[in-house]
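What follows is each chain in one-letter form.
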Amino acid sequence: MKERIAELRSEVDNFIIDGDAALEQYRIAFLSKKGKISLLFDDFRNVPPEAKRETGLLLNELKQIATERYNDFRERLAMTDTFQSTADLSMPAHPFGEGTRHPISIVRNEIIGIFSRIGFTVSEGPEIEDDNHVFTMLNFASDHPARDMQDTFYIEKKSGSESDPHDVLLRTHTSSVQVRVMENQKPPIRTISPGRVFRNEAVSARAHCIFHQVEGLYVAENVSFADLKQTLLYFATELFGEDVRIRLRPSFFPFTEPSAEMDISCNICGGKGCNVCKGTGWLELLGCGMVDPNVLEACGIDSSRYSGYAFGMGIERATMLKYGVNDLRLYFENDIRFLNQFRTEIL
Ligand code: PHE
């Protein structure tokens, strides 16, 4: 009997349990009613009385060890099961849908990327500004129509209908940021300022009271109009593709002289003329020019030594041209059917 117990003991120890099926086989072989250990208990009756005590102890010990081993493995297998179910890489992904970037953010980021590749930094400034940074330092005459209440949202007017450099208002363009940069930095300056701007306009498909701009500024020695043109050509081909052509038309802005407006060849018809470009083959994209010396001087930059160029565009407009969006209001309505169309863009 003692030998049988020792044999079974080593059988129990050597039984390989590597999964649920083996564990069940183990249970049946050793611990079930007809298992080898139970059979030994049946045989126990035949053990001579003087050996009963010692054999009984050994038998009980065997049963205890075999049961412990069983429980131990069962626990371990259960743990592996939970682990496997949380780490199952073939399970469907988390059910929360990812958001999409707004088209304005996509194009803004793209524009920032294009200019940062040629050394432009990004600068930001306040949306609530004073007249000085939005108009006066940018060479706007005191009776310039942009200063009219009909065009600008005023928060605080200092002296009735008169314009005053201390008037507090919502910036109408991000040129104000460039004024702040020029006030605080020495040339060479090469920066773009993206941001929200506000104009007192009735909301329609073509105009909105809030929109976004990116304006650019380069001030250094010997900056020429040719530099401006080359930079804008680089920008247009990066944003709209290699085949795009640009043209500059003379224009006027108080803060640049000479000034121009830049068109790109219509990317719908390729310049042949269609209803988007109204048959002209061209689409207006941005304003630009050489920084007026008065502006440089107002910001404490020596205009006899330094010159600069500036440009500015609406991001909504650039996005319209790039993606064929035909109504400005779509950008602000957050209609998921519109926004979802930009899912695949990851910028
Ligand atoms: N600030 C002008 C606007 O808001 C754009 C512009 C910037 C034009 C720089 C010329 C030079 O329309």
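Residues numbered from 1 in each chain as written. Predicted model: local features only at pLDDT ≥ 70, side-chain atom pairs only at ≥ 80, totals over all residues. Heavy atoms only, no water.

Side note on the environment of valine 325
Positionally, valine 325 belongs in the loop between helix 10 (315–323) and helix 11 (330–333). Along the backbone, valine 325 and serine 90 are 235 residues apart, and their C-alpha atoms lie at a distance of 40 Å. In this structure, valine 325 is in contact with Thr319, Met320, Leu330, Tyr331, Phe338 and Phe342, ignoring residues within four places of it in sequence. (Helix = DSSP H or I, 4+ residues; strand = E, 2+ residues; numbered from the N terminus. Contact = heavy atoms within 4.5 Å.)

What to know about the packing of aromatic side chains
Scanning all chains against the criterion turns up 15 aromatic pairs. Residue placement shows lysine 63 over the ring face of phenylalanine 41; its charged tip is 5.6 Å from the ring centre. The ring of tyrosine 154 has lysine 157 lying over it, and the distance from NZ or CZ to the ring centre is 4.0 Å. (Phe/Tyr/Trp six-rings, centres within 6.5 Å; stacked < 30°, edge-to-face > 60°. Lys NZ or Arg CZ within 6 Å of the ring centre and 35° of its normal.)

Quick word on the domain arrangement of the protein
When the domains of the protein are assigned, the result is domain 1 (2–85) and domain 2 (103–342). Look at where the C-alpha atoms of domain 1 and domain 2 centre, and you get two points 84 Å apart. (Domains from an automatic or database assignment.)

Quick look at the pairing of strand 10 (residues 307–314)
With respect to burial, strand 10 is a largely interior element, seven of its eight residues being buried. Two strands pair when backbone bridges link them, and strand 6 (residues 210–220) and strand 10 are joined in this way by eight bridges, in the antiparallel orientation. Within strand 10, the residue paired with valine 214 across the bridge is methionine 313. Bridge analysis of strand 9 (residues 282–291) against strand 10 gives five bridges, and the strand direction is antiparallel. By the bridge assignment, glycine 289 is partnered in strand 10 with alanine 310. (Buried < 20%, exposed > 50% of the residue type's maximum accessible area, 1.4 Å probe, protein only. Pairing = 2+ DSSP bridges.)

Quick notes on the site of the ligand
Around the ligand, the surrounding shell holds 13 residues, and the nearest of these are His173, Ser175, Arg199, Gln213 and Glu215. With respect to the ligand, the side chain of arginine 199 contributes an N or O atom lying 2.9 Å from an oxygen atom. A distance of 2.8 Å separates an oxygen atom of the ligand from a polar side-chain atom of glutamine 213. Breaking the shell around the ligand down by element, the ones donating at least two residues are strand 6, strand 9 and strand 10. Among the elements that line the shell around the ligand, the one with the most residues is strand 10, at three residues. When the residues that make up the shell around the ligand are grouped by side-chain class, the tally is five nonpolar, six polar and two charged. (Near = heavy atom within 4 Å. Polar contact = N/O pair within 3.5 Å; in protein donor to acceptor, adjacent residues only side chain to side chain. Nonpolar A, V, L, I, M, F, W, Y, C, P; charged D, E, K, R; others polar.)

A look at the sheet that holds strand 4 (residues 168–170)
One open sheet accounts for three strands, arranged 2-4-3; its pairing is antiparallel. The open sheet has two edge strands, strand 2 (128–130) and strand 3 (154–156), and neither has a second partner. Taken over all neighbouring pairs, the strand axes of this sheet differ in orientation by 35 degrees on average, direction set aside. (Axes fitted to C-alpha atoms, helices over the stretch in contact; angles between N-to-C directions.)

Focus: the pairing of strand 5 (residues 189–198)
The buried fraction of strand 5 amounts to eight of the ten residues, a majority that puts the element mostly inside the structure. As paired strands, strand 1 (residues 121–122) and strand 5 are joined by two bridges and run parallel to one another. Note that in strand 5 the partner of threonine 121 across the bridge is threonine 191. Note that strand 5 and strand 6 share ten bridges and pair antiparallel. The partner of arginine 196 across the bridge, within strand 6, is histidine 212.

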